Amino acid sequence: MWPAFVPGQSTATVDKVVISGDDAVVFSRFTHTVARNGKTFNTPVAVHLTIANGQIARLHLYEDTLAVHEAFED
């Protein structure tokens, strides 16, 4: 989706990182501006990472998909 946003106007802030064994969860917030309509929106995000052999083996992204949907509405 990054190509749909205004270049240079997206931010990601990290609020908290929780690590347990090979798993980590990053709690964050994304702010984007939609290129097509100029709407700016914020969405809380959680990213679940699983590490194997020192590399990211799995990544799950959870975000407020309703906020994303509403930002793309004209």
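Everything quoted here is computed from the prediction, not taken from an experiment.

Help me understand the sheet that holds strand β4 (residues 55–63), please; the structure alone is not making it clear to me.
Within a sheet, neighbouring strands are paired by backbone hydrogen bonds and run either parallel or antiparallel to one another. Spatially, β1-β2-β3-β4 is the arrangement adopted by the four strands of the open sheet, whose pairing is antiparallel. In this open sheet, the two edge strands, each paired with only one partner strand, are β1 (11–20) and β4. Neighbour to neighbour, the strand axes of the sheet diverge by 20° on average, direction disregarded. Where strand β2 (residues 23–33) meets strand β3 (residues 40–52), eleven bridges bridge the pair, whose relative direction is antiparallel. Bridge pairing in β3 places Asp23 opposite Thr50. Running at roughly 140° to β3, helix α1 (residues 65–72) makes contact with β3 and β4 of the sheet.

I tried to follow the pairing of β4 on my own but got confused; where do I start?
Regular strands place side chains that alternate from one sheet face to the opposite one. With eight bridges connecting them, β3 and β4 associate as antiparallel partners. Counted as the bridge partner of Val45 is Glu63 from β4. Counting the residues in the hairpin turn of β3 and β4 gives two residues, including Asn53, whose phi is positive at 55°.

Just to check I follow, could you spell out the packing of aromatic side chains for this structure?
Aromatic ring pairs are defined here through the distance separating the ring centres and the angle between the ring planes. The tally for this structure, following the rule as stated, stands at four aromatic pairs. Relative to Phe41, the ring of Phe5 has its centre 6.0 Å away and its plane inclined at 55°; by these criteria the two rings are tilted. One end of the pair, Phe5, is in the segment before β1; the other, Phe41, is in strand β3, and 36 residues separate them in sequence. A relative accessible area of 6% means that Phe5 is categorised as buried. Through a chain of ring-to-ring contacts, three or more aromatic side chains come together here, namely Trp2, Phe5, Phe30, Phe41 and Phe72.

Calculation criteria
- Residues numbered from 1 in each chain as written.
- Predicted model: local features only at pLDDT ≥ 70, side-chain atom pairs only at ≥ 80, totals over all residues.
- Heavy atoms only, no water.
- Pairing = 2+ DSSP bridges.
- Helix = DSSP H or I, 4+ residues; strand = E, 2+ residues; numbered from the N terminus.
- Axes fitted to C-alpha atoms, helices over the stretch in contact; angles between N-to-C directions.
- Contact = heavy atoms within 4.5 Å.
- Phe/Tyr/Trp six-rings, centres within 6.5 Å; stacked < 30°, edge-to-face > 60°.
- Buried < 20%, exposed > 50% of the residue type's maximum accessible area, 1.4 Å probe, protein only.

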